[in-house]
Amino acid sequence: MESNIKEQLDDILSQYDGEGDDLIPILQEAQERFGYLPEGVMAGVAKFLRLPESNVFGVATFYAQFKFTPTGKRMVKVCRGTACHVKGGERILESVQRELGIQPGQTTDDFEYSLEVVACIGACALAPTMMIDNEVQRKMTPKKVAELFSNRSKGGENAR
Amino acid sequence: MLGKESPRDYPDNQRTIFICQGTGCVSDKSVEIREALERKVEELELKSVKVDFTGCHGFCEQGPIAFVEPEGIFYTHVSVEDVPEIAQSHLQKGKPVKRLFYKDPVTGQAVPYYKDIDFYAKQKRIVLRNCGRINPERIEDYLAIGGYQSLRKALFEMTPEQVIDEVKRSGLRGRGGAGFPTGLKWEFCRKSPGKVKYLICNADEGDPGAFMDRSTMEADPHAVIEGMAIAAHAIGATEGYIYIRAEYPLAVKRLRIALKQAEDKGVLGEKILGSNFSFKVHVKEGAGAFVCGEETALMASIEGKRGMPRSRPPFPAQSGLWGKPTNINNVKTLASVPVIIAQGAGWYAKIGTEKSKGTAVFALTGKVANSGLVEVPMGIPLREIIYGIGGGPPSGKHFKAVQTGGPSGGFLPASLLNLPVDYEELTRAGSIMGSGGMIVLDEDNCIVETAKFFLSFTQAESCGKCVLCRLGTKQMLDILEDITTGKGKLEDIDLLEDLAKDVVAGSLCALGGTAPNPVLTSIRYFRDEYEAHIKDKRCPALACSELVSYYILPDKCQGCGICLRDCPTEAISGGKRMVHIIDQGKCIKCGTCLDVCPTKFSAVVKVSGEKVTVPSKPIPVTATKRNTGASGGSPLD
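Everything quoted here is computed from the prediction, not taken from an experiment. Starting from 1, residues in each chain are numbered consecutively following that chain's sequence as written. A letter from A marks each chain and a number from 1 marks each ligand, given out in the order of writing. Thresholds applied to this predicted model are a pLDDT of at least 70 for local features of residues and 80 or more for the giving and counting of side-chain atom pairs; totals over whole chains, interfaces and linings are not thresholded and use all residues. Note that the side-chain values use all heavy atoms of the structure and ignore hydrogens as well as water.

**Some details on the interface of chain A and chain B**
Contact residues are listed per partner, giving 38 residues for chain A and 53 residues for chain B. Buried area is understood as the total, over both parts, of accessible area removed when two parts are fitted together, assessed with a 1.4 Å probe. Taken together, both faces of the contact between chain A and chain B bury some 3600 Å²; the carbon and sulfur share is 56%. We define a salt bridge as a contact between a side-chain nitrogen of Lys or Arg and a carboxyl oxygen of Asp or Glu at a distance within 4 Å. Remark: the boundary between chain A and chain B carries five salt bridges. One salt bridge in this structure joins Lys284 of chain B and Asp21 of chain A, with 3.5 Å as the shortest N-O distance. A 3.5 Å cut-off defines polar contacts: any pair of N or O atoms within that distance qualifies, except that in protein one atom must be a possible hydrogen donor and the other a possible acceptor, and neighbouring residues in sequence count only when both atoms are side-chain atoms. Remark: the boundary between chain A and chain B carries 17 residue pairs in polar contact (both at pLDDT 80 or more). Secondary structure elements with two or more residues in the side of chain A that touches chain B: helix 2 (23-34), helix 4 (53-62), helix 5 (82-86), helix 6 (89-100), strand 4 (135-137) and helix 7 (142-148) of chain A. By the convention adopted, Pro, Cys, Tyr, Trp, Phe, Met, Ile, Leu, Val and Ala count as nonpolar, Lys, Arg, Asp and Glu as charged, and the other residues, Gly among them, as polar. When its residues are assigned to classes, the side of chain A that touches chain B shows 19 nonpolar, nine polar and 10 charged. Contact definition: two residues touch when any of their heavy atoms are within 4.5 Å. What counts as a helix is a DSSP run of H or I of at least four residues, what counts as a strand is a run of E of at least two, and both are numbered from the N terminus.

As structure tokens, then:
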């Protein structure tokens, strides 16, 4: 494990007393810190909690929140909740996939954007919605999506 | 508390403007609006004006929302640019800004006062009683309206058994969806042997299309905490957990603030209010698994394990969290408890129907004019919710169905609009109360495609423990995929029904037990739509992209070039003043051309199961047609 990762992980672990129910909060904090869960972190957490590594991986892979590869600078989340769906959410997702050239769960080659689908962001009255980082984009259309990413094909610059 | 009839009754002093700081309004810059107002009020030296905020009003579509007390003036769609006018005209001179009044989408009339808005006037708000009315980050606001008085009453005037009895007599049932009598659940846990017991608030609101738990926690967190403390006193628990979705960061933040304030005020923690009762609450954030809304899966998740349901018995009341007796209630159930203790079981039991007491909260969304949170007495007809409060489908479209209960609920057709809404009636009709999602579909929504959408969600969220839930739903999904892409066979419909029965029978928990509901109800009420997809390869709603085509009508196209420019796949050919043609091979059916074609031309049509005759290559727009006003702003002119 890289030494700075180890240092930061130790910093996180120092706040916990090592009970089994600390596992998910520790993984959440580690992901918050690193953006994903590096392999070394998983092993370090397993050792700290005196759990088999397989157990830690088992839990981490069960929950949709945890990622095992680095993500892009900006996170695009397209809402696939019901309210968004009946107002054309699928078209929004297709447009984003087309504009970024990636599928949900993937990251663009230049590490600018990662794409995810989320079940519901709870902004149903603003459907269809998507988020770029923490900013909610309301009442989307394929055209608005194209505008959001319009600079991309001309040199990979971030849209907006 | 919404003030008198006329703003003129008030001098221009002592005003408070409340800006909504719920998730929906915050997404449209309501924090910036509040900050701009604070600056403007200071700049104008309006000493008697206070700028404050509330949580979610449940009317997010109108956001950002602001209202001014004491007049009760309600502003919608407020932006930062409106701040100077609100401050100078209303807050300084007492003259409300008319253009920001709520406009009834059905009648088109402006409604200045909060209390006169039909959307609210027709509701009965018990769970949502304080939502949008108090500052959720200040316990003093909650205390000022009688907050924590019910806890005081429960601790000093009632034994735990009396509290349980009160809740039993109120008829309150679990608002998480299953509707189990709350008092009875508490009694099981109370009577279960053991010194250590736990109380859990289930705030894992994973149903896409439901956001009432989020709004309640954001807008009135103390109501939930007070309900938890009363429940803990009743069952004999000293430790509690709130298990909340990590996707709700604002609700998590407000809960943490509220918990800290409650401990500081002595209404939580050691020896509450000087009694012998101690109760501590922890917040646990979920990690993105829908199945963790199921109580045994939720407890596994708190313990740091994979959130997979287990078979019951033993029930959580006997052996729950870490093997100890545990009681789990939904956010809305707990938020109802302080009211029941304050007003009495008799008062509560008068609301609702014989078997379903109290109110139900729905997240009314989809194709409806007023979308938002709606709390109504149990037993009112669906029609009253969808049309009376919701205003029906907007822009004159026809109502097709309403889907209640989230992804495990069912579709109900127009013929059932008079159905009284309670646990029993919804179940009888093939749907469920569930978490209270209520999605309205209109003629543009395909029932088969929407059923496929719900099943794709539950299929993906199946934890995989039960074979039939894991694989049966997959088979059902594949069949639906075939039908919506024109590859279905007539016998598929019966096969779907057979599989559905097996999935229900072969699943441990409610996820698999209810996942087939959308498919079963859509076949029960809309079999003809399935048959149209299978027999005619036609989607009557024009929604299944594999079965629809877009065409540009040569007699209407003015050759303006807008669709040609916006088409993402360059499937449209034609030049200036040439009728445009869509290359059906290149078209990905995204619908952009239909969206952008100017309404005065309406040259793009979407069809299913029929052919439209169009030229094979671009032809000139005829001279006579040019007179209809095609020029001006055209990119090709």
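Past the structure itself, the notes keep going.
**Topic: the packing of aromatic side chains**
Think of it this way: a Phe, Tyr or Trp ring, Trp meaning its six-membered ring, pairs with another when their centres are within 6.5 Å, and the plane angle makes it stacked under 30 degrees, edge-to-face over 60, tilted otherwise. Inspection of the entire model under this criterion finds 23 aromatic pairs over all chains. Arranged with centres 5.3 Å apart and planes meeting at 90 degrees, the rings of Tyr113 of chain A and Phe149 of chain A form a pair that is edge-to-face. Highlighted residues: Tyr113 of chain A in strand 2 (residues 113-118) and Phe149 of chain A in the segment after helix 7, separated in sequence by 36 residues. Like Tyr113 of chain A, the residue Phe149 of chain A is buried in the burial classification. Only lysine NZ and arginine CZ atoms are considered, and such an atom sits over a ring when it is within 6 Å of the ring centre and within 35 degrees of the ring normal. The aromatic ring of Tyr114 of chain B is capped on one face by Arg133 of chain B, whose charged end is 4.7 Å from the ring centroid. Only protein chains enter the accessibility calculation, which uses a 1.4 Å probe; a residue is then buried when its area is under 20% of its type maximum, exposed when over 50%, and partly exposed in between.

**Examining the nonpolar core**
By nonpolar core we mean a set of buried residues, namely Ala, Val, Leu, Ile, Met, Phe, Trp, Tyr and Cys, connected to one another through side-chain atoms within 4.5 Å. Judged by nonpolar contacts, the single largest core of 81 residues is most densely connected at Trp186, Met217, Ile244 and Phe279 of chain B. Here this core takes 10 residues from helix 10 (residues 221-235) of chain B, the largest share from any one element. Not counting the four nearest positions on each side in its chain, Ile244 of chain B is found in contact with Ala203, Met217, Ala251, Val252, Leu255, Val283, Lys284, Glu285 and Gly286 of chain B. Counting residues in each nonpolar core, the second largest holds 43 residues, with Ala30 and Phe62 of chain A together with Ile302 and Cys509 of chain B among its members.

**A few points about the side chain of His222 of chain B**
Note on placement: His222 of chain B falls in helix 10. In this view, His222 of chain B contacts Ile139, Tyr142, Tyr148, Ala258, Gln261 and Ala262 of chain B; residues no more than four positions away in its chain are not counted.

**Section: the pairing of strand 7 (residues 198-203) of chain B**
Residues and elements named next belong to chain B. Of all the six residues making up strand 7, six are buried; the element is thus mostly covered by neighbouring parts of the structure. Where burial is concerned, the two faces of strand 7 agree: the one with Tyr198, Ile200 and Asn202 and the one with Leu199, Cys201 and Ala203 are both buried. Inspection of the sheet shows strand 7 paired to strand 8 (residues 239-244) by six bridges, in the parallel sense. By the bridge assignment for strand 8, Ile200 is matched with Tyr241. Two strands make a pair as long as DSSP finds a minimum of two bridges between them. Inspection of the sheet shows strand 7 paired to strand 10 (residues 326-330) by five bridges, in the parallel sense. When the sheet's bridge partners are listed, Tyr198 is paired in strand 10 with Thr326.

**Description of the sheet that holds strand 4 of chain A**
Residues and elements named next belong to chain A. The strand order across the open sheet built from four strands is 2-1-3-4, with neighbouring strands paired in mixed fashion. One side of each edge strand has no neighbouring strand; the edge strands of this open sheet are strand 2 and strand 4. Ignoring strand direction, the axes of neighbouring strands in this sheet form an average angle of 25 degrees. Where strand 1 (residues 74-79) lies against strand 2, six bridges are found, and the strand directions are parallel. Across the sheet, residue Val76 finds its bridge partner in strand 2, namely Leu115. Helix axes are fitted to C-alpha atoms over the stretch in contact, other axes to C-alpha atoms as well, and angles between N-to-C directions run from 0 to 180 degrees. On top of the sheet, helix 6 reaches strand 1, strand 2 and strand 3 (130-132); it is set at about 150 degrees to strand 1, its chief contact.

**Focus on the sheet that holds strand 9 (residues 280-285) of chain B**
Residue and element names in this part refer to chain B. With parallel pairing, four strands are arranged side by side in an open sheet as 9-8-7-10. For this open sheet the edge positions go to strand 9 and strand 10, each flanked by a neighbour on one side alone. Direction aside, neighbouring strands of the sheet carry axes that sit 20 degrees apart on average. Looking at chain direction, strand 8 and strand 9 are connected through six bridges and run parallel. Within strand 9, the residue paired with Tyr241 across the bridge is His282. Of the strands in this sheet, strand 8 and strand 9 are in contact with helix 11 (residues 249-264), which crosses strand 9 at around 165 degrees.

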